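Listed below are the residues making up each chain.
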Amino acid sequence: MTEAILLVGGKGTRLRPLTVHTPKPMVRAAGVPFLTHQLARARAAGVEHIVLATSYLAEVFEPYFGDGSSLGLHLEYVTEEEPLGTGGAIRNVASRLHSGPDEPVLVFNGDILTGLDIRALVRTHQETGADVSLHLTKVTDPRAYGLVPTDGTGRVLAFLEKPQTPEEIVTDQINAGAYVFRRSVIDTIPQGRPVSVERETFPDLLAAGAHLQGMVDSTYWLDLGTPAAFVRGSADLVLGRAPSPAVPGRCGDQLVLPTAVVAPDAKLTGGTVVGEGAFVAEGARVTGSTILPGAVIEPGAVITDSLIGTRARIGTRSVLTGTVIGDGAVVGADNELREGVRVWCDARIPAGAVRFSSDQ
C-alpha cells in the first residue's frame, strides 16, 4: 500500500470558535496541527502518496504542508466546490490515485486520533480478499454511534444507525472512521453529488453482496469533534497515551514550544501545551490544557482542561475549567468560567464580570 485519501473538508461546527479561522484538522494538538499527527502515522505505516480532500478553508492546507516532502510524503490537494459528504469526497479525488483496480487505498477521517495498527488493517484486507475493510472499535456506550455487527470471521453483517432502545444495541462495535478500499470500489461511488459512505455506500455494497470486512482494534481511539475531546486528545499526545511520531518534544506532563515563556513558579501539569510566543506568568497553574501561540496567561490564573486561543489573554486570578477561549479574546481579571463556556474570537469580558461562586 502506497497511497491514501484523507478527508479534511468538514466545517468543524461543534468545535467553534476554534474553527472560525482555522479548519479543524489544522487546530493545534500537542504543538502542531492535528493533521500532522495523522500524516506522520500514515508515513510510518508505509504510505507514500496522500490526497487531501479539502473544502472548508481549503486554502490553509497547502501553504503549511506544501508537497509533503518535509514529512517524506507526496501530498496532493483536491477542493470540493460544494460539500459532497464522505463518499462524495472520496469519489471526487479518485482521479488523483495511481493504484491499480485491485490494489488497496487507505481512507481516513481528519478528526480521529487513534493508535490503529494501519499495517494490520491493510493485511486483514488483503488476506480476506475484502472489497472494503473497516477499522472497528469497541465502546462502552454505543448509542451515539453507528453499530457494525460482524460474524465469527469478522465479516460485516449490517450497518445500524444510532440505536434508540436497549434492544437495538446488538453489538458494542462501532465504525471507527478508517477504511481500506479496493481501488475499483471507489469508482462505483456516484460522482458529482453528496454521498455518505456510512449511510449509503457501505449499506448498498452489503446489499449487493460485496465483502466488507471488519477489524476490531481497541487501542487508543478518540473522536476530536468537541472542544473537550480535542483538549483531552492533545493532552494524551503530550502524556504519551496516544501514539504519534510528530509530537515536537519528549512526552511528559508538559510541552513548552520554542519562544514560549513560562515563569519559574508557574505550574504546568497533565499534558499541558504552551505554544510558540505564549506567556504564562508567575503563580499561574495550568492543567491538561492547550495554550495556543501568542496567548497570555496573567499572574495567579488557574486553567484546567481548557483551550486558550491564539493571542487570547486570561486575566489575573481568573479561574477557567473546561472552557474554550477564541482567538484574540480577552478574559479580564477575577472571572470564573466553568464547563462548556465558549468565549468567541475577539470578545472581551471585563474584570470580575462572570462568576459561578460568591465574590468572597
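Basis of the calculations
- Residues numbered from 1 in each chain as written.
- Predicted model: local features only at pLDDT ≥ 70, side-chain atom pairs only at ≥ 80, totals over all residues.
- Heavy atoms only, no water.
- Pairing = 2+ DSSP bridges.
- Helix = DSSP H or I, 4+ residues; strand = E, 2+ residues; numbered from the N terminus.
- Domains from an automatic or database assignment.
- Contact = heavy atoms within 4.5 Å.
- Buried area = accessible area lost by both parts, 1.4 Å probe.
- Salt bridge = Lys/Arg side-chain N within 4 Å of Asp/Glu carboxyl O.
- Polar contact = N/O pair within 3.5 Å; in protein donor to acceptor, adjacent residues only side chain to side chain.
- Nonpolar A, V, L, I, M, F, W, Y, C, P; charged D, E, K, R; others polar.
- Phe/Tyr/Trp six-rings, centres within 6.5 Å; stacked < 30°, edge-to-face > 60°.
- UniProt positions renumbered as here; feature names shortened; annotations may be inferred.
- Buried < 20%, exposed > 50% of the residue type's maximum accessible area, 1.4 Å probe, protein only.
- Expected span 1.5 Å × (residues − 1).

Visitor: Before we go on, may I ask you to explain the sheet that holds strand S28 (residues 348–349) in this structure?
Guide: Whether parallel or antiparallel, the strands of a sheet pair through hydrogen bonds between backbone atoms. Strands sit in the order S13-S16-S19-S22-S25-S28 across an open sheet of 6 strands; the sheet is parallel. Either end of the sheet is taken by a strand with one partner, and the two such strands are strand S13 (261–262) and S28. Summarising the sheet, strand S25 (residues 330–331) and S28 pair through 2 bridges and their orientation is parallel. Opposite Val330, over in S28, you have Arg348 as the bridge partner.

Visitor: Would you explain the domain arrangement of the protein in this entry?
Guide: It is common to give the size of an interface as the accessible area lost on bringing the parts into contact. Each assigned domain of the protein is listed with its residue range as follows: domain 1 (2–223) and domain 2 (253–349). Taking only C-alpha atoms, the centre of domain 1 and the centre of domain 2 are 33 Å apart. Across the contact, 11 residues belong to domain 1 and 15 residues belong to domain 2. For the pair domain 1 and domain 2, the summed buried area comes to about 1000 Å², and 66% of that belongs to carbon and sulfur atoms. When residues of domain 1 are sorted by the area they lose upon contact with domain 2, Pro17, Leu18 and Arg28 head the list and together hold 51% of the total. Ionic pairing is found between Glu276 and Arg28, a salt bridge with its closest N-O pair at 3.3 Å. For the interface between domain 1 and domain 2, the tally reads 4 residue pairs in polar contact (both at pLDDT 80 or more). Split into classes, the residues belonging to the side of domain 1 that touches domain 2 amount to 5 nonpolar, 3 polar and 3 charged.

Visitor: What's the story with the packing of aromatic side chains in this structure? I'm lost.
Guide: Each aromatic ring pair is characterised by the separation of its centres together with the angle its planes make. According to the stated counting rule, one finds 7 aromatic pairs in the structure shown. Between Tyr145 and Trp221, the ring centres sit 5.9 Å apart and the planes meet at 70°, which makes this aromatic pair edge-to-face. With Tyr145 in the loop between strand S8 (132–138) and strand S9 (173–182) and Trp221 in strand S11 (residues 221–223), this pair connects stretches of sequence that are 76 residues apart. Between the aromatic rings of Tyr179 and Phe181, the centroid separation amounts to 6.3 Å while the plane-to-plane angle is 90°, which identifies the pairing as edge-to-face.

Visitor: It is not clear to me how the pattern of salt bridges should be interpreted in this structure. Could you clarify?
Guide: Two side chains with opposite charge may pair up if their charged atoms get near one another. This model, assessed by the stated rule, comprises 14 salt bridges. Here Asp102 and Arg182 are joined by a salt bridge, their closest N and O atoms 3.3 Å apart. Here Asp102, found in the loop between helix H3 (85–92) and strand S6 (104–109), pairs with Arg182, found in strand S9; they are 80 residues apart in sequence, far enough to count as distant. Bridged by salt links that share partners, the residues Asp102, Asp131 and Arg182 form one connected network.

Visitor: Got a minute to help me understand the UniProt feature "domain: Nucleotidyl transferase" (unreviewed entry) in the protein in this structure?
Guide: The UniProt feature table records "domain: Nucleotidyl transferase" (unreviewed entry) at residues 4–236. The span residues 4–236 shows a helical share of 26% and a strand share of 23%, and its end C-alpha atoms are spaced 25 Å apart.

Visitor: I'm lost on the UniProt feature "domain: Mannose-1-phosphate guanyltransferase C-terminal" (unreviewed entry) in the protein in this one. Help?
Guide: Here, the residues flagged by UniProt with the feature "domain: Mannose-1-phosphate guanyltransferase C-terminal" (unreviewed entry) are residues 252–333. Each end of residues 252–333 is marked by a C-alpha atom, and these two atoms are 30 Å apart; helix forms 0% of the span and strand 41%.

Visitor: Would you mind going over the environment of Ala89 with me for this structure?
Guide: By secondary structure assignment, the location of Ala89 is in helix H3. Those residues in contact with Ala89 that sit more than four places away from it in its chain are Leu7, Ala53, Glu80 and Leu84.

Visitor: Would you explain the sheet that holds strand S26 (residues 336–337) in this entry?
Guide: The strand order across the open sheet formed by 5 strands is S14-S17-S20-S23-S26, and the pairing between neighbours is parallel. Across the chains shown, the open sheet's two edge strands, defined by having one partner strand only, are strand S14 (267–269) and S26.

Visitor: Please clarify how the pairing of strand S4 (residues 49–54) should be interpreted in this entry.
Guide: Across a regular strand the side chains alternate sides, sitting on one face of the sheet and then on the other. By the criterion of burial, S4 is predominantly enclosed, with 6 of the 6 residues buried. Going residue by residue along S4, you find His49, Val51 and Ala53 tucked away on one face and Ile50, Leu52 and Thr54 tucked away on the opposite face as well. Of the strand pairs in this sheet, strand S1 (residues 3–7) and S4 are connected by 5 bridges, and their pairing is parallel. Among the inter-strand pairings, Ile5 is bridged to a residue of S4, identified as Val51. Relative to strand S5 (residues 74–79), S4 is paired through 6 bridges, and the arrangement is parallel. The residue of S5 that forms the bridge with His49 is His74.

Visitor: How should unusual backbone geometry be read in this particular structure?
Guide: Note: most residues except glycine have negative phi, and most peptide bonds are trans. Residue Pro17 is reached from Arg16 by a cis peptide bond, and omega for that bond is 15°. With respect to the helices and strands, the residue Pro17 is situated in the loop between S1 and strand S2 (28–29). A positive phi is found at Arg311, a non-glycine position, where the angle reads about 65°. The topology assignment puts Arg311 in the loop between strand S21 (307–308) and strand S22 (313–314).

Visitor: What exactly am I supposed to notice about helix H7 (residues 227–239) here?
Guide: Counting along an α-helix, one turn takes 3.6 residues, and residues three or four places apart therefore face a common direction. For H7, spanning 13 residues, the distance from its first C-alpha to its last is 18 Å, which sits close to the expected 18 Å at 1.5 Å a residue. Burial in H7 covers these residues: Pro227, Ala229, Phe230, Val231, Gly233, Ser234, Ala235, Asp236, Leu237 and Val238. Phi turns positive, to about 90°, at Gly240, one or two residues after H7.

Visitor: Looking at this model, I keep getting lost on the side chain of Asp111. Mind explaining?
Guide: The topology assignment puts Asp111 in the loop between S6 and strand S7 (112–114). In this structure Asp111 comes out as buried when scored by relative accessible area, which is 17%. In this structure the side chain of Asp111 is engaged in a polar contact, spanning 3.0 Å, whose partner is the side chain of Lys24. Beyond its immediate sequence surroundings of up to four residues, Asp111 is in contact with Lys24, Phe34, Gln38, Leu222, Asp223 and Leu224.

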